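So the chains spell out like this:
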Amino acid sequence: MKPIDYKLQLLLTVFISSLLLGNLLGSKLISVFGIVTSVGFFGFPFTFLITDIVEEVKGKEVTRVFVHAGFLALCIAVFFVFFSTNFPPAAQYMNNEAFNNVFSSSLRLIVASLMAFLIGQYHDLWAFNFWKQKTNGKHLWLRNNLSTIVSQLIDSLVFMFVAFYHQTPELGAAFVFSMALPYWVLKVVFALLDTPFVYLGVRWLSSDVEDSLSDSGDSRGTRVSNG
C-alpha cells in the first residue's frame, strides 16, 4: 500500500479550509488600509501560496488535484448552504431570518466565486510552470510573485464582472474595474509579503522527498548522493 503523504494532506486541509471560510465569511465588509473589502479576503492568499508550494515540490499534476478538490468542496458547500437556507425551520427556532441573511448569497455571486476560483487557480498553475521552465527552476521568488499577481488580477476581474457588471445601470465596465483595482492591489501586497513563506513551505515539503530518497537508498544498501 502506498504510504500516506501527511504533509500534502495537511496542506490540502489548509487549502480547502481557507477557500471555504473565505467564501462563507465573505458577507462581512471591512476596511484594510482604506480599501473596503470582504473579511473573507484573508483566506484567499493562502490558496495561491499553497498551490505554488505544492507545484514547486510535487509538480503540476498533484497541484491540479488541489484545484479540483477545492472546486468540488465549493460545489458541496453551495449545495448545503442552498438546502439549509431553504429548508423550513422548526417552530422553536427564532433565528431563521438572521441565519439566512448570513449564509445565503445570490446565485450570481456564487457563480462568480466559482468561476473566479477555477480560472484564477488554473492560470496560476500554468503561469508558475511556465516561469519555472523559463528560469530553469531558479528564482522561486520571481516565479511565485509573477504567477500569483497576474492570477489574482484575473481572479478579481472575473469575480467583479460576473457578480456586478450591469447589475444596475451604474455598474458599467469602468465602474466595476474601479472596484476591482483596489481589491487587486491589496492582494498584491499580501502576495509580496508571503514570499518568505513560500521558501519555508518548499523547504518543509521537500524534506519528504529527500527522506524518501534516503530511505530508498538505505534499503538497497546504497547511499544517495545529493550531487
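Please read all numbers here as calculations on a predicted model, not as lab measurements.

Cut-offs applied
- Residues numbered from 1 in each chain as written.
- Predicted model: local features only at pLDDT ≥ 70, side-chain atom pairs only at ≥ 80, totals over all residues.
- Heavy atoms only, no water.
- Pairing = 2+ DSSP bridges.
- Helix = DSSP H or I, 4+ residues; strand = E, 2+ residues; numbered from the N terminus.
- Salt bridge = Lys/Arg side-chain N within 4 Å of Asp/Glu carboxyl O.
- Buried < 20%, exposed > 50% of the residue type's maximum accessible area, 1.4 Å probe, protein only.
- Patch = residues over 30% accessible without salt bridge, like charges linked within 9 Å, V, L, I, M, F, W, Y side chains within 5 Å.
- Areas by Shrake-Rupley, 256 points an atom, 1.4 Å probe, with all protein chains shown as cover.
- Axes fitted to C-alpha atoms, helices over the stretch in contact; angles between N-to-C directions.
- Parallel < 35°, antiparallel > 145°, perpendicular 65-115°, else oblique.
- Left-handed = near helix turned anticlockwise from the far one by under 90°.
- Contact = heavy atoms within 4.5 Å.
- Core = buried A, V, L, I, M, F, W, Y, C linked by side-chain atoms within 4.5 Å.
- Phe/Tyr/Trp six-rings, centres within 6.5 Å; stacked < 30°, edge-to-face > 60°.
- Lys, Arg positive; Asp, Glu negative; His and termini not counted.

Draft legend 1. Layout of the pairing of strand β1 (residues 29-32). With four bridges joining them, β1 and strand β2 (residues 35-38) adopt antiparallel strand pairing. Each residue of the ladder has a partner; that of Ser31, found in β2, is Val36. From the end of β1 to the start of β2, which pair antiparallel, there are two residues, and Phe33 there has a positive phi angle of about 55°.

Draft legend 2. Representation of the pattern of salt bridges within the structure. Inspection of every chain in the model, using the stated rule, returns five salt bridges. Among the ionic pairs, Lys132 bridges to Glu56, the shortest N-O distance being 3.8 Å. A residue pair is termed long-range when its members are at least 10 positions apart, and Lys132 in helix α5 (residues 107-134) and Glu56 in helix α2 (residues 44-58) qualify at 76 residues. Across the pair Arg143 and Glu56 runs a salt bridge, and its minimum N-O distance is 2.6 Å. Highlighted residues: Arg143 in helix α6 (residues 140-164) and Glu56 in helix α2, separated in sequence by 87 residues. Note on accessibility: Arg143 and Glu56 belong to one class, buried. Overlapping salt bridges, with partners in common, bring together Glu56, Lys132 and Arg143 in one network.

Draft legend 3. Main features of the environment of Leu193. Mapped onto the fold, Leu193 is located in helix α7 (residues 173-193). C-alpha separation for the pair Leu193 and Asn145, spaced 48 residues apart in sequence, amounts to 9.8 Å.

Draft legend 4. Representation of a nonpolar patch on the surface in the model. Taken together, Leu72, Ile76, Phe79, Phe80, Phe83 and Phe87 make up a surface patch of nonpolar side chains, about 650 Å² in accessible area. Its place among the elements puts Phe83 in helix α3 (residues 60-86). The partly exposed category is assigned to Phe83, whose relative accessible area is 45%.

Draft legend 5. Looking closely at the packing of α3 against helix α4 (residues 96-103). As a packed pair, α3 and α4 sit with axes 10 Å apart at the nearest point and diverge in direction by 155°. By the angle between their axes, α3 is roughly antiparallel relative to α4. Helix-helix and strand crossings are classified by hand; for α3 and α4 the assignment is left-handed. Here Val81, Ser84 and Thr85 of α3 lie close against α4, whose contacting residues are Phe99, Asn100 and Phe103.

Draft legend 6. Representation of the nonpolar core in the model. Leu11, Ile53, Val54, Phe66 and Leu205 are the most contacted members of the largest nonpolar core, which totals 30 residues. Put simply, the parts of the chain that give this core at least two residues each are α1 (6-24), α2, α3, α5, α6, α7 and α8 (195-219). Among the elements that take part in this core, α2 stands out by supplying six residues, more than any other. Beyond its immediate stretch of four places on either side in the chain, Ile53 contacts Leu11, Phe197, Val198, Gly201, Val202 and Leu205.

Draft legend 7. Inspection of the packing of aromatic side chains at higher detail. For the structure on display, the rule yields 10 aromatic pairs. Centre to centre, the rings of Phe15 and Phe117 are 6.3 Å apart; their planes meet at 50°, and the pair counts as tilted. Taken as a pair, Phe15 in helix α1 and Phe117 in helix α5 lie far apart in primary sequence, 102 residues in all. Following the ring pairs from residue to residue traces out a cluster consisting of Phe79, Phe80, Phe83 and Phe87.

Draft legend 8. Here's a closer look at the side chain of Glu55. Along the chain, Glu55 falls in helix α2. Of the side chains bearing the opposite charge, Lys60 lies closest to the buried Glu55, which forms no salt bridge; the N-O distance is 6.6 Å. For Glu55, the residues in contact, after removing those within four places along its chain, are Lys60, Thr63, Asp124, Leu125, Phe128, Asn129 and Lys132.

These figures capture arrangement, not role.
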